[in-house]
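Notes for the structure review
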Amino acid sequence: MVTIKSAKEIECMKEACRVVALVYKELEEKIRPGMSTAELDKIAEIKMRELGAIPAQKGYDVGIRGIPPYPAATCISINDEVIHGIPSKNRIIKEGDIVSIDTVALKNGFHGDAARTFVVGSVSKEIEKLIKVTKQAFFEGIQYAKPGNRVGDISHAIGEYVYANGFSVVQEFQGHGIGRQMHEDPGVPNDGKAGRGIRLEPGMTLAVEPMVIQGKHDILELEDGWTIITKDGSMSAHYENTILITEKEPEILTIL
Ligand code: MF3
Ligand code: CO
């Protein structure tokens, strides 16, 4: 079900989203080579709780037999890992890694969701471009996030932009509505036909999240039941914000 948020609910959404933005500020300051992904996860969780929120991903259960509940506050996916990497004390961040972090805060009954890809040290021009294109794909998409337009208009703009830049988008995972639930309708694919899908209305809140692969779009799932990697071993980046559809331009809630 697509939910339209009231003014009061929008205030709650903004609160939860602000927490996520502050968590990323903290992570950006703290991330460095030599640190484990479990350490980074702890930093995120502590900051979130300090700000009065609960890490909603921790214990999140997709309800599919054989897939364990998600064990951490963040997903941390390095290099060829696309999404849903599980933080571990054995996974050490190295100079030259690209580190995608995804986290969701729950505060006063509402969720805020965002993802960022951080560069640790320096990377090649091509990888810098991958990260830039992934972020820009989000902004290309949300240009269409206006009343009267359809979800497919956002998807189409994201996919077009990514492929025009020589990269590909993940087809199996998508953005989503968000509110009292972490995942609400509608799905927001990162590729597709313009003019399709539901019409956007003020008060809808969406997590728009391009997941971009340097090479081919094919992915594989690891045996942990969570981690998604690129099939061709090429690098991947992720950029996500929770947005609010208004009468005019969308508001990006997870940027300070
Ligand atoms: N935050 C992710 C999203 O963008 C969800 C990750 S799945 C979880 O939808 F289990 F880690 F929560
Ligand atoms: Co999301």
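Up top is the structure these notes are about.
Since the model is a prediction, treat every value here as computed from it, not as a measurement. (Residues numbered from 1 in each chain as written. Chains lettered and ligands numbered in written order. Predicted model: local features only at pLDDT ≥ 70, side-chain atom pairs only at ≥ 80, totals over all residues. Heavy atoms only, no water.)

Take the site of ligand 1 next. Taken together, 14 residues form the shell around ligand 1, and within it Gln 57, Asp 102, Asp 113, His 183 and Glu 209 come nearest. In the environment of ligand 1, an oxygen atom lies 3.1 Å from a nitrogen or oxygen atom belonging to the side chain of His 176. Residue composition of the shell around ligand 1, grouped by class: six nonpolar, four polar and four charged. (Near = heavy atom within 4 Å. Polar contact = N/O pair within 3.5 Å; in protein donor to acceptor, adjacent residues only side chain to side chain. Nonpolar A, V, L, I, M, F, W, Y, C, P; charged D, E, K, R; others polar.)

Turning our eyes to something else, we now look at helix α4 (residues 151-164). Residue pairs three or four apart in sequence face the same way in an α-helix, which turns once every 3.6 residues. The terminal C-alpha atoms of α4 lie 20 Å apart, and with 14 residues this matches the ideal 20 Å at 1.5 Å per residue to within 8%. Buried residues along α4 sit in contact with α3 (125-142), β6 (168-169), β8 (184-188), β9 (205-208) and β10 (211-213). Phi turns positive one or two residues past the end of α4, at Gly 166, with a value near 85°. (Helix = DSSP H or I, 4+ residues; strand = E, 2+ residues; numbered from the N terminus. Expected span 1.5 Å × (residues − 1). Contact = heavy atoms within 4.5 Å.)

This paragraph deals with unusual backbone geometry. Residue Pro 186 follows Asp 185 across a cis peptide bond; omega there is 0°. Positionally, Pro 186 belongs in strand β8. Of note, the phi angle at Asn 108 is positive, near 50°, even though the residue is not glycine. The topology assignment puts Asn 108 in the loop between β4 (98-107) and β5 (110-119).

This paragraph deals with the coordination of the cobalt ion (ligand 2). The coordination sphere of the cobalt ion (ligand 2), as far as protein atoms go, consists of Asp 113 (OD), His 176 (NE2), Glu 209 (OE) and Glu 240 (OE), spread over 2.0 to 2.4 Å. What the six donor atoms of the cobalt ion (ligand 2) show is an angle range of 48 to 179° at the metal, which sorts the shape as irregular. The sequence motif formed by the donor residues of the cobalt ion (ligand 2) is D-x62-H-x32-E-x30-E. With Glu 209 in the loop between β9 and β10 and Glu 240 in the loop between β13 (236-238) and β14 (241-244), this residue pair connects regions lying 31 residues apart in the sequence. With respect to class, Glu 209 is no different from Glu 240; both count as buried. (Donors = N, O, S within 2.8 Å, 3.2 Å for Na, K, Ca; no water. Tetrahedral: all angles 85-135°; square planar, octahedral: opposite > 155°, others 65-115°. Buried < 20%, exposed > 50% of the residue type's maximum accessible area, 1.4 Å probe, protein only.)

Functional significance is not addressed by these values, which are geometric in nature.
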